[in-house]
Amino acid sequence: GAFYIYADCTPFHADARRFTFGVLLDKAGVAATPGTDFGSNSTGRFVRFAYTRAMGEIEEGVDRIRRACAGR
């Protein structure tokens, strides 16, 4: 099995690649992969998160993402 979330990021940014690197990585310090790395059918609006870390680290990452998106 895989441990991934493939999420629509358009409520926060129209471009998954810019959202992934400009918001998630630069502002939140959270690594994710833009959907454009997984095909071509509307993938520019999705990001993929792997949740393979300890629960406390996942909770910290979610909190960082929440703070970064609230500041947009």
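For the structure, check the block above.
The rules behind each value
- Residues numbered from 1 in each chain as written.
- Predicted model: local features only at pLDDT ≥ 70, side-chain atom pairs only at ≥ 80, totals over all residues.
- Heavy atoms only, no water.
- Salt bridge = Lys/Arg side-chain N within 4 Å of Asp/Glu carboxyl O.
- Buried < 20%, exposed > 50% of the residue type's maximum accessible area, 1.4 Å probe, protein only.
- 1 Å grid on protein atoms, 1.4 Å probe; cavity = no way out; pocket = protein on both sides within 12 Å on 5 of 7 lines; lining within 4 Å.
- Points joined across faces, edges and corners; volume = space filled by probe spheres on them.
- Helix = DSSP H or I, 4+ residues; strand = E, 2+ residues; numbered from the N terminus.
- Nonpolar A, V, L, I, M, F, W, Y, C, P; charged D, E, K, R; others polar.
- Core = buried A, V, L, I, M, F, W, Y, C linked by side-chain atoms within 4.5 Å.
- Contact = heavy atoms within 4.5 Å.

Peer 1: Would you explain the pattern of salt bridges in this entry?
Peer 2: If the charged atoms of two oppositely charged side chains come close together, the side chains can form a pair. Following the criterion strictly, the structure yields 6 salt bridges and no others. Across the salt bridge formed by Glu-57 and Arg-53, the nearest N and O atoms sit 3.1 Å from each other. On the basis of relative accessibility, which here comes to 54%, the residue Arg-53 falls in the exposed class. Taking the shortest distance from any N to any O, the salt bridge between Arg-67 and Asp-63 comes out at 2.4 Å.

Peer 1: Before we go on, may I ask you to explain the layout of surface pockets in this structure?
Peer 2: Where empty space is left can be seen by rolling a probe of water-molecule size over the atoms. What the largest pocket holds in volume is close to 410 Å³. Elements represented by at least two residues in the lining of the largest pocket include exactly strand 3 (46-50) and helix 2 (55-70). Considering only residue class, the lining of the largest pocket consists of 9 nonpolar, 2 polar and 5 charged.

Peer 1: Is there a simple way to explain the nonpolar core in this structure?
Peer 2: What tends to happen in soluble globular proteins is that the nonpolar side chains get buried as a cluster. Membership of the largest hydrophobic core comes to 13 residues, with the highest contact counts inside it found for Phe-19, Leu-24, Val-47, Phe-49 and Ile-65. Contributing elements (two or more residues each) for this core: helix 1 (16-28), strand 3 and helix 2. Per element, the largest residue contribution to this core is 5 residues, and it comes from helix 1. Aside from chain neighbours lying at most four places away, what touches Ile-65 is Leu-24, Ala-28, Val-30 and Phe-49.

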